[in-house]
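So the chains spell out like this:
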Amino acid sequence: MASFSLPQINDNPEGGWGPSTSNLPSQFKFKDIPYAPYSKSDKLGRFADWNDLSGDSRPTNLGLSQGNTRAGGQGRGRRDGQPAFGSGTASAFAYFHAEDESSFSLVDSKAGAARRGGPMNRGRGSGRGGAAYGRGGAQRGGGRGGFSGGRGGGQRGGRRGWRDWEKTGRTRESSVAISPDWAMLEEIEFHRLAKLRLEVDEPEDLDTYGRVFPYDKAYDRITTKSERPLQLLDRIKYNPTTSDDPVIQELAAKDTAVIYTTDVILSVLMCAPRSVYPWDIVVVREGNKLFFDKRDGGPFDTVTVNENAADPPQDPTPPNPNNPNEKVVVPETPSINTATSLSLEASYVNQNFMFQTVIEQSPPPAVDFSKPNPFYGPDETEPLASCGYRYRVFDLGITEDEDMRLCVRTEVDAYFPGQGNAADGQGLVTVRALNEFDPRAPGAGGAPDWRTKLDSQRGAVMATEMKNNSCKLAKWTVQSVVAGADLLKIGFISRVNPRDNTRHVILSTTSTRPADFAAQLNVSLANGWGIVRTVADMCMKQPEGKYVLVKDPNKPVLRLYAVPANAFTAEEDDEDAGFDGEDAE
């Protein structure tokens, strides 16, 4: 029988891993050969970095001064904080031609070309190594920060844009404070929502309320040379949430539908994959009914500006509460170009443009719908704005036997004279406004100057707005289609002075059919109805109670939370913030 002998084991008395330096076996074949330790963060796939100048102590003679290396010489084109490839290796493997390279220098005897325009030229840059002040585009050399230049253009190096590393760190706050007591029930990514589809038939009109004035055709003839000032008019326009609508409460008592909402809330849900800013919808299930509500003071009461731009307007970064040494810098005058300021300005512009573009003194006369405005009380003294409410029912059922009807309150702003009887739903108009703040301000999204381009290059101006405000325009289009409007009027409003956000002028007005505009925007109503049906099914699976659908502020994700019954109400008490599972039966 063969015998087995245990080989000699050289233990490491130092307690470390591997052989001990003091007890190295004589037959060890790698003795006296240097060992290069490496870090787990090193990328082993790239074993040589010819652009790394950090370990090279020789003088550079190729026009690349040592001042061009960033963060203490970490190499050309590398961002701050990134370790160099092979930074964990020992210097024993470094190899230099010290005798040859140290005495070498490049001498260029060719005369330099004369520069035009001085150091502040607006061209492609003032040389390969200099500081160029080009305004954008693809610059070869300088720029404001080293090797790649321009203001956000397409650089040839590894950087994508100016101060890219700062933009990635910008985070937004949620539209509603998420309590730790809330239970997250569902989570849906936007790419899954974009694949949904549901064809819906024409709606059924239940009733109409309010009064609409005729649209003033004179605003269609305004140009940049015949601009009109935007007037401040005191009018009352109601936009209550679903649960506060007495008409919807009456319809719900009659079991008219399963889902109840308004056109503003419905459009946000149908255009959810386009949204960037955070929002939330309060969902209340009572029996077999769903009510989609908005919160008072929530994001539904304002209009966004350049939400879909590559670099949208930003609010000032709030101070870190965990850093007591951080100084809060308060500007002397608050900025008028922050996201919040621009949103309030856009809401103000939209309201006043709607009020101004109608003819209140006949002829032509105003048209009264079948019933008066349900929200206007006898104690009100200010005049009502031109607004008509149409309550309509859409059938979201997949089969004929399935009852999944949706009742929505839609709004129209005016009627177009000569297009039929407005009381019967003919010639109805929705009016909206786009506003220009400052083409040179951060967050402008590369928009051209409207005063110089709107008459000659209206298509380019509109294409830029469709890119920067894709979500806002899509919501306006969905609201017009759902309301059954024949025309969508969009005004172009600009500031009189870019530094003054209180005075505005009307530069032009465009008119389009909502269905055609939806095709231009690539808005799929079938996809929007599929999203609504999916969210409704998700909420109907839950027991009775109150829920909130939250759009993540920094990710394309929707989340459904279960919240206490007294959440988002005026009488909410902090002591009762806990959620009892037995309340949701």
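Definitions and limits used
Residues numbered from 1 in each chain as written. Predicted model: local features only at pLDDT ≥ 70, side-chain atom pairs only at ≥ 80, totals over all residues. Heavy atoms only, no water. Pairing = 2+ DSSP bridges. Helix = DSSP H or I, 4+ residues; strand = E, 2+ residues; numbered from the N terminus. Phe/Tyr/Trp six-rings, centres within 6.5 Å; stacked < 30°, edge-to-face > 60°. Buried < 20%, exposed > 50% of the residue type's maximum accessible area, 1.4 Å probe, protein only. Salt bridge = Lys/Arg side-chain N within 4 Å of Asp/Glu carboxyl O. Polar contact = N/O pair within 3.5 Å; in protein donor to acceptor, adjacent residues only side chain to side chain. Contact = heavy atoms within 4.5 Å. pLDDT = per-residue confidence, 0-100. Core = buried A, V, L, I, M, F, W, Y, C linked by side-chain atoms within 4.5 Å. Axes fitted to C-alpha atoms, helices over the stretch in contact; angles between N-to-C directions. Parallel < 35°, antiparallel > 145°, perpendicular 65-115°, else oblique. Left-handed = near helix turned anticlockwise from the far one by under 90°. Nonpolar A, V, L, I, M, F, W, Y, C, P; charged D, E, K, R; others polar.

Draft legend 1. Just the sheet that holds strand β1 (residues 183-189), in detail. Read from one edge of the open sheet, ten strands run β1-β15-β14-β5-β6-β4-β9-β8-β2-β7, paired in mixed fashion. Whereas interior strands pair on both sides, the edge strands pair on one side only; in this sheet they are β1 and β7 (367-368). Note that strand β2 (residues 204-212) and β7 share two bridges and pair antiparallel. Residue pairing across strands places Arg-211 opposite Asp-368, the latter belonging to β7.

Draft legend 2. Quick look at the packing of aromatic side chains. One pass over the structure, following the stated rule, counts nine aromatic pairs. Taking 5.2 Å as the distance between ring centres and 15° as the angle between the ring planes, the aromatic pair formed by Tyr-260 and Phe-291 counts as stacked. Here Tyr-260, found in strand β4 (residues 259-262), pairs with Phe-291, found in strand β6 (residues 289-293); they are 31 residues apart in sequence, far enough to count as distant. Residue class for Phe-291 comes out buried when judged on its relative accessible area of 4%.

Draft legend 3. Highlighting the pattern of salt bridges. Going through the model one piece at a time under the given rule, you end up with 22 salt bridges. In this structure, the salt-bridge partner of Asp-220 is Lys-489, at a minimum N-O distance of 3.0 Å. Separated by 269 residues along the polypeptide, Asp-220 in the loop between β2 and β3 (228-229) and Lys-489 in strand β12 (residues 487-497) bring together distant segments of the chain. You can call Asp-220 partly exposed: its relative accessible area is 29%. In this structure Lys-489 comes out as buried when scored by relative accessible area, which is 2%. Lys-289 is the salt-bridge partner of Asp-255, the closest N and O atoms lying 2.8 Å from each other. Highlighted residues: Asp-255 in the loop between α4 (246-253) and β4 and Lys-289 in strand β6, separated in sequence by 34 residues. The exposure class of Asp-255 is partly exposed, given its relative accessible area of 48%. Judged by relative accessible area, Lys-289 falls into the buried class, the value being 18%.

Draft legend 4. Representation of the side chain of Asn-337 within the structure. Note on placement: Asn-337 falls in the loop between β6 and α6 (339-356). A polar side-chain atom of Asn-337 sits 3.2 Å from a polar atom in the side chain of Arg-495. Setting aside residues up to four positions removed in sequence, Asn-337 forms contacts with Pro-313, Leu-342, Phe-437, Asp-438, Ala-441 and Arg-495.

Draft legend 5. Local environment of the confidence of the model for the protein chain. Looking at the protein chain as a whole, the pLDDT averages 79, with 68% of positions reaching at least 70. Across residues 571-585, confidence stays below pLDDT 50; counting only partners more than four residues off in sequence or on other chains, it has 19 contacts.

Draft legend 6. Molecular detail of the side chain of Glu-345. Along the chain, Glu-345 turns up in helix α6. The class of Glu-345 is buried, set by a relative accessible area of 3%. Looking at Glu-345, its side chain comes within polar contact range of the side chain of Arg-495, at 2.8 Å. What Glu-345 contacts, discounting residues up to four positions off in sequence, is Ile-336, Asn-435, Arg-495, Asn-501 and His-504.

Draft legend 7. Representation of the nonpolar core. Among the nonpolar cores identified, the biggest contains 66 residues, and Leu-269, Ile-281, Phe-292, Leu-396, Leu-406, Trp-529 and Leu-549 are the most heavily contacted of them. Of the residues forming this core, the biggest block, eight residues, is contributed by helix α11 (residues 525-540). For Phe-292, the residues in contact, after removing those within four places along its chain, are Thr-242, Ile-259, Tyr-260, Thr-261, Ile-265, Leu-269, Ile-281, Val-282, Val-283 and Val-535. One finds Tyr-215, Val-429, Val-431 and Ile-506 within the second-largest nonpolar core, a separate group that totals 19 residues.

Draft legend 8. Inspection of the packing of helix α5 (residues 263-270) against helix α9 (residues 470-483) at higher detail. One can describe the packing of α5 onto α9 by two numbers: an axis separation of 9 Å at closest approach and a directional angle of 125°. Between α5 and α9, the angle is such that the two are oblique. Our pair here, α5 against α9, has a crossing hand that is right-handed. Residues Asp-263, Val-264, Leu-266, Ser-267, Val-268 and Met-270 of α5 pack against Lys-475, Val-478, Gln-479 and Val-482 of α9. Of the residues that constitute the contact of α5 with α9, the class distribution is six nonpolar, two polar and two charged.

Draft legend 9. Region of interest: unusual backbone geometry. Omega for the bond connecting Ser-362 with Pro-363 falls within 30 degrees of zero, at 5°, which places this linkage in the cis form. On the secondary structure map, Pro-363 appears in the loop between α6 and β7. A cis amide bond links Pro-363 to the next residue, Pro-364, at an omega of -15°. Within the fold, Pro-364 resides in the loop between α6 and β7. One non-glycine residue, Asp-255, lies in positive phi territory at about 55°. The phi angle at Asn-306 is positive, at roughly 55°, despite the residue not being glycine. Here Asn-306 lies in the loop between β6 and α6.

Draft legend 10. Structural context of the sheet that holds strand β11 (residues 428-436). Within the open sheet, the five strands sit side by side as β3-β13-β12-β11-β10. Their pairing is mixed. Two strands bound the open sheet, and with one partner strand each, they are β3 and β10 (414-415). Bridge count for β12 against strand β13 (residues 500-512) is nine bridges, and the pairing is antiparallel. Residue pairing in the sheet places Asn-497 in a bridge with Asp-500 of β13. Along the sheet face, α6 touches β3, β11, β12 and β13 and points at about 140° away from the line of β11. Here helix α10 (residues 514-521) sits on the sheet and contacts β12 and β13; the angle it forms with β12, its principal contact strand, is near 65°.

Draft legend 11. Spotlight on the pairing of β4. Taking every second residue as pointing to the same face, both faces of β4 are buried, with Ile-259 and Thr-261 on one and Tyr-260 and Thr-262 on the other. Two elements, β4 and β6, share two bridges in a ladder whose sense is parallel. Residue pairing across strands places Tyr-260 opposite Phe-291, the latter belonging to β6. Bridging between β4 and strand β9 (residues 405-412) involves four bridges; their strand directions are parallel. Looking across to β9, one finds that Thr-262 is bridged to Arg-409.

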